[in-house]
Each structure stands twice: as C-alpha cells, then as structure tokens.
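Remarks on the overall topology
Chain by chain, the residues:
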Amino acid sequence: MMTTDYNDGLEDIQSENNDLEATPAEYEVITYPADFTLEGLVSKFKKGSMTVPGFQRNYVWNIKQASRLIESFLLGLPVPAIFLFTDDAKNKQLVIDGQQRLMTVVYFLDGYFGEPDANGRRKVFKLTGLNEKSPYYNKTYADLEESNQAAFNKLNDSVLRAFVIKQITPNGNTSVYHIFERLNTGGTQLVGQEIRNCVYHGPFNDLLCKLNGYENWRKIFGNVTPHKRQKDVELILRFFAFYEKGNEYERPIKDFMSNYMRDNQEITEVRSQELEALFKETCDNVVATLGDKPFHIWSGLNVAAFDSIFTTLAIHGFKGDLAKQYASLIVDEDFVKGVRGATADESIVELRMQLAKQYLVA
C-alpha cells in the first residue's frame, strides 16, 4: 500500500494501490561487486561516468542522516552497498540504489550540503548531526584536511562497495524498473514516477518535468509546490498515455504508463511542442470553466476522475455549459463507482471514459 507521504494531496484509492503490484518478465542479468574509494567515487561522478539518471527525487536526507554516514566511514564501520546499472548505449553506470549515500559523499567532499536554493546560496556541510562529544562534531571536509590529516586520508581512502548489474536478455534496460522497485537497502525507496525518471530519462521526461511547473496545472493539482514523490508528474504522464493509447489500455496501469513513457522516451522537438501546447491549452480551459482543484471532489485529488475528465476534454474540446454538465457527471452513481472502486480494471476505465464523454461532450 502506498504511504501517506506518497499520496499526499491525493485521494487514497485502494484499487490504485493494489494495482502497483505487477509480475515482471523473466530476465537474464549478471551482477558483480566493485569497490570504490570515496575520492575515486566522487571523481567518477563529477566526470559523468557514474550518474544519477534523469530527474530522480530530490536529495531528501537530513543533516543527522548525512553526518552519521560520514562518521561511519571515519570510524571504519560498514556502510550498505550501492547498486549500479550498466547502460552500454550511453557508456555510463546509472545509480539505481544508493543515491542518498552517494550524494552525501559528493556533497561532503565538495563542502556543501545539498543543492543551491532559489537564490543560488548553498549551506556549508558541517557534521552537526553527530553527538557533540564526537571528535568529528561540527567538522567540515576542509577542517579534517587542516586539523586531522589521518582522518582526512582515511575518509578519502574509505571503500564503498557497489554491485554492478548488466542486463543480458532481453535487449535493453527494461529490468531496471523492477530492480528499482524491489531494492530496499535501508533508504527511502523510490516509487512510481521516480523510477521512470531514472529508467526512461530523455526528452519526454524533460517535457513532463517542464509541464509540471505550469501555473494552471499547479492550480488543478492543488499545490504550488511540486509533489515530493513526483505524483504530479505521474499524472501528466497518465493523461498523455490515455490521450494517445487509451483504446489499448491493459492493466496494470503502472506498466501501461511505463510502456508509454518508454515508447516516447526520445520524443522529437516538434512532437514535444505539440504535446506541450495540448496540455497547456487543456489546463487553461479546465481552470477557466471548472476553477481551481476541480478533481478534488471528495477529499484529495481523485486520479481516476482526473484521467477520464481531463482526457475527454482534451480530445473533444470544451462545449456547452460545462460546469453544469460536470456537476451532473460527478454525482452519477456509475461514474462514482468508476472513480472510487476498481479504478484500474479495463471495463471500469472504459465505463468512466464513456460517461465523461456522455455528460461533457454536448
């Protein structure tokens, strides 16, 4: 079941949660260990041969978590391994588990905690999350170099083990989604769109992230701040998938969206502009006719009401007294069942799309 953190701001629908479970295809992969010194690891990351792909979630560790990781290296304590996926096409190693650990090391050796804020300012990385009696409390990387050369060298030479994964069959990198989904090495697990951003990073992913900042989309979603687990980005993907491939829909819905994103990963600039114009125009018209947060019908945003109504309006246009027609639709008993019951079933998806068209297309 999805956590409150993942669904924050959206109505919790049990059938959507259940549909997150899927049986993957069979794969042949090889896995082998590789040990990197922290200094070498940071060097590979800065050169780009090891990368956190796409637009994964933001760095989410707090200073205590980050400080304790660095202290573990300084004390010689074991640290969980990271997992890397070999992307032969791009000649890179993709970090598929361990992003928080890797970026903590990168940030500490760089001297700053996290990414710059909106004004370009960065916070100096001090180990303030440690017990005040620790010899490393409140130290920076530069402090270690200046006052404790032995600790400085020990940190640089500390080893972080990696498990390198390479998919043999079938061709491609489709196993990455399921590897992401199943790995749990002690951090906060990636979910949904965070996984797709890593697996299918490219021009289409760039478009989804760009559209997520559109002002009227933020009004529809109901929060000016992007969802920290990228559920808002996932809804944009969900719309495009139903808009173009709705007549081919098969559950589970997460694979339906993943397959659509894979097929459009390297979208052309012309096609990207077409989809951008479509999405923005639909958002503008929804806000103009239905107001802000129109899909927050019962509690949070109802994703099934969103996909059926938003898609229908994008396909057929805005006609008649839409506000009145919409008000009638959302009290239709069959429609309510279609957006609050078994929302991922093929027959239910078809039903709610038909009802949305029946009520909204004059």
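Keep in mind it's a predicted model, so treat the numbers as computed, not measured.

Calculation rules
- Residues numbered from 1 in each chain as written.
- Predicted model: local features only at pLDDT ≥ 70, side-chain atom pairs only at ≥ 80, totals over all residues.
- Heavy atoms only, no water.
- Buried < 20%, exposed > 50% of the residue type's maximum accessible area, 1.4 Å probe, protein only.
- Helix = DSSP H or I, 4+ residues; strand = E, 2+ residues; numbered from the N terminus.
- Pairing = 2+ DSSP bridges.
- pLDDT = per-residue confidence, 0-100.
- Contact = heavy atoms within 4.5 Å.
- Core = buried A, V, L, I, M, F, W, Y, C linked by side-chain atoms within 4.5 Å.
- Phe/Tyr/Trp six-rings, centres within 6.5 Å; stacked < 30°, edge-to-face > 60°.
- Salt bridge = Lys/Arg side-chain N within 4 Å of Asp/Glu carboxyl O.
- Patch = residues over 30% accessible without salt bridge, like charges linked within 9 Å, V, L, I, M, F, W, Y side chains within 5 Å.
- Areas by Shrake-Rupley, 256 points an atom, 1.4 Å probe, with all protein chains shown as cover.
- Polar contact = N/O pair within 3.5 Å; in protein donor to acceptor, adjacent residues only side chain to side chain.

1. Considering the pairing of strand 3 (residues 82-87)
- Counting buried residues along strand 3, six of its six residues qualify, which places the element largely inside the surrounding structure.
- On strand 3, burial covers both faces: Ile82, Leu84 and Thr86 on one face and Phe83, Phe85 and Asp87 on the other are all buried.
- Direction of pairing for strand 3 relative to strand 4 (residues 92-97): antiparallel, over a ladder of five bridges. Bridge pairing links Thr86 to Gln93 in strand 4.
- What sits between strand 3 and strand 4 in their antiparallel hairpin is a turn of four residues, with Asn91 showing a positive phi close to 55°.

2. Details of the confidence of the model for the chain
- Chain-level pLDDT for the chain is 87 on average; 86% of the residues reach the 70-or-more range.
- Ignoring residues within four places in sequence, the model shows residues 1-5, a span with pLDDT below 50, making eight contacts including any to other chains.

3. Some remarks on the nonpolar core
- Core analysis: the largest hydrophobic core is formed by 56 residues, its most contacted members being Phe204, Trp217, Phe240, Phe279, Phe295, Ile309 and Phe310.
- Core analysis: the next-biggest nonpolar cluster, separate from the first, contains 38 residues, Leu38, Leu84, Val106 and Tyr107 among them.

4. Some details on the packing of aromatic side chains
- Counted under the stated rule, the structure contains 23 aromatic pairs.
- An aromatic cluster is defined as three or more aromatic residues linked by ring pairs; in this entry it consists of Phe204, Trp217, Phe221, Phe239, Phe240, Tyr243, Tyr260, Phe279, Phe295, Phe306 and Phe310.

5. Concerning the pattern of salt bridges
- Within the structure shown, the criterion is met by 18 salt bridges.
- With a shortest N-O distance of 3.3 Å, Asp110 and Arg122 are connected by a salt bridge. A residue pair is termed long-range when its members are at least 10 positions apart, and Asp110 in helix 5 (residues 99-110) and Arg122 in the loop between strand 5 (112-113) and strand 6 (123-124) qualify at twelve residues.
- Asp110 sits in the partly exposed class, given a relative accessible area of 32%.
- As a salt-bridge pair, Arg271 and Glu244 come within 1.8 Å of each other at their nearest N and O atoms. Of this pair, Arg271 sits in helix 14 (residues 269-290) while Glu244 sits in helix 12 (residues 231-245), and the two are 27 residues apart along the sequence.

6. Considerations on a nonpolar patch on the surface
- Together, Ile30, Tyr32 and Ile168 make up a nonpolar patch on the protein surface, roughly 230 Å² of accessible area in all.
- Turning to its location among the elements, Ile168 is positioned in strand 7 (residues 159-169).
- Its relative accessible area of 31% is what places Ile168 among the partly exposed residues.

7. As for the side chain of Arg218
- Looking at the element boundaries, Arg218 is found in helix 11 (residues 215-221).
- At 2.9 Å, the side chain of Arg218 and the backbone oxygen of Asn223 are in polar contact.

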